[in-house]
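Spelled out from the first residue to the last, the chains are:
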Amino acid sequence: MAIMPDTWIRDMAQNRGMIEPFVEAQKREGVISYGLSSYGYDARVADEFKIFTNVDSAIVDPKRFDDASFVDRKTDVCVIPPNSFALARTVEYFRVPRDVLVICLGKSTYARCGLIVNVTPLEPEWEGHVTLEISNTTPLPAKVYANEGLCQFLFLKGDTICETSYADRSGKYMGQRGVTLPRL
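An unreviewed UniProt entry lists the protein under the name dCTP deaminase, with Nitrospirillum amazonense given as the organism.

**Side note on the overall build of the protein**
Helix and strand counts for the protein come out as two helices and 14 strands. Across its three principal directions, the C-alpha atoms of the protein cover 50 × 40 × 25 Å. Counting over 184 residues, the protein shows a buried share of 46%. For the protein, long-range pairs separated by at least 24 residues make up 74% of all intrachain contacts whose partners lie at least 6 apart in sequence. For the protein, the exposed area adds up to about 9500 Å²; of that, 50% sits on carbon and sulfur atoms. One way to put it: in the protein the 21 positive side-chain charges average out to a point 1 Å from where the 24 negative ones average out.

**Quick notes on the UniProt feature "active site" (unreviewed entry) in the protein**
Taken from the UniProt record, the annotation "active site" (unreviewed entry) applies to Glu133. Tracing the chain through its elements places Glu133 in strand 12 (residues 127-136). With relative accessibility at 22%, the residue Glu133 sits in the partly exposed group. Excluding residues within four positions of it along the chain, Glu133 makes contact with Phe85, Ala86, Leu87, Ile116, Val117 and Asn118.

**As for the nonpolar core**
In this structure, Ile19, Phe94, Val144, Phe153 and Phe155 are the most contacted members of the largest nonpolar core, which totals 42 residues. Phe52, Phe70, Leu87 and Val179 belong to the second largest nonpolar core, which has five residues in total.

**Concerning the pattern of salt bridges**
A full pass over the atoms with the stated rule returns 12 salt bridges. Between Arg95 and Glu20 there is a salt bridge whose closest N-O contact spans 2.7 Å. On the criterion of sequence distance, the pair formed by Arg95 in strand 8 (residues 85-95) and Glu20 in strand 2 (residues 19-20) is long-range, its members being 75 residues apart. The exposure class assigned to Arg95 is partly exposed, which follows from its relative accessible area of 28%. By relative accessible area, Glu20 is classed as partly exposed at 38%. Note that Asp42 is salt-bridged to Lys107, the shortest N-O span being 2.6 Å. Of this pair, Asp42 sits in strand 4 (residues 40-44) while Lys107 sits in the loop between strand 9 (100-106) and helix 2 (108-111), and the two are 65 residues apart along the sequence. Shared partners join several salt bridges into a network, and the residues in it are Arg98, Glu125 and Asp168.

**Notes on the environment of Lys172**
By the element assignment, Lys172 lies in the segment after strand 14 (149-157). Contact partners of Lys172, with chain neighbours within four places excluded, come to Tyr166, Arg183 and Leu184.

**A closer look at the side chain of Thr90**
Residue placement: Thr90 occurs in strand 8. Residue Thr90 is classed as buried on the basis of its relative accessible area, which comes to 0%. Residues in contact with Thr90, not counting those within four places in the same chain, are Ala43, Arg44, Ala46, His129, Val130, Leu132 and Phe153.

**Quick word on the packing of aromatic side chains**
Inspection of every chain in the model, using the stated rule, returns five aromatic pairs. Here the aromatic rings of Trp8 and Phe155 are separated by 6.1 Å at their centres, their planes lie at 55°, and the arrangement is tilted. On the criterion of sequence distance, the pair formed by Trp8 in helix 1 (residues 6-16) and Phe155 in strand 14 is long-range, its members being 147 residues apart. With a centroid separation of 5.0 Å and 65° between ring planes, the pair formed by Phe52 and Phe85 is classed as edge-to-face. In this pair, Phe52 is assigned in strand 5 (residues 48-52) and Phe85 in strand 8, connecting sequence segments 33 residues apart.

Criteria and cut-off values
Residues numbered from 1 in each chain as written. Predicted model: local features only at pLDDT ≥ 70, side-chain atom pairs only at ≥ 80, totals over all residues. Heavy atoms only, no water. Helix = DSSP H or I, 4+ residues; strand = E, 2+ residues; numbered from the N terminus. Buried < 20%, exposed > 50% of the residue type's maximum accessible area, 1.4 Å probe, protein only. Contact = heavy atoms within 4.5 Å. Areas by Shrake-Rupley, 256 points an atom, 1.4 Å probe, with all protein chains shown as cover. Lys, Arg positive; Asp, Glu negative; His and termini not counted. Charge placed at Lys NZ, Arg CZ, Asp CG, Glu CD. UniProt positions renumbered as here; feature names shortened; annotations may be inferred. Core = buried A, V, L, I, M, F, W, Y, C linked by side-chain atoms within 4.5 Å. Salt bridge = Lys/Arg side-chain N within 4 Å of Asp/Glu carboxyl O. Phe/Tyr/Trp six-rings, centres within 6.5 Å; stacked < 30°, edge-to-face > 60°.

Here it is in structure tokens:
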């Protein structure tokens, strides 16, 4: 398995729609960086957030997810409460090739502030907006800036094509748009 370089990512995004919208070069001036990097793509977080709250004393249950667990916010700056959690999504829509596994990692700028993005794979032939899980591990409120970089995607190309892809399995998160809650 090889990690794919910027030239491959650019070609796949521009000619095969792997990343839309695609930013061809790193944007850095006055923002948390996003766009194409040497061996990855730094994605932006959209302005849609689901911030977990304990106002209604809800219990978080992945089998019976309750809307009372969070509040919805559409904002340019999301403030995540201390020791809390938020869901968001990428601005970019991804279409993963059949012979590629993509891994999402949090950016160090946020990690140095105590904000952790869950490491998650994008499986072969999965497509959609990526739902991002953001944990504020600090005892202080923390800001996340919409339309700026939040995570990096690494593209690993397999030596052979997989026998069964995410699309073949009709995966439950296939084609998701917007922030997507847990599904069974």
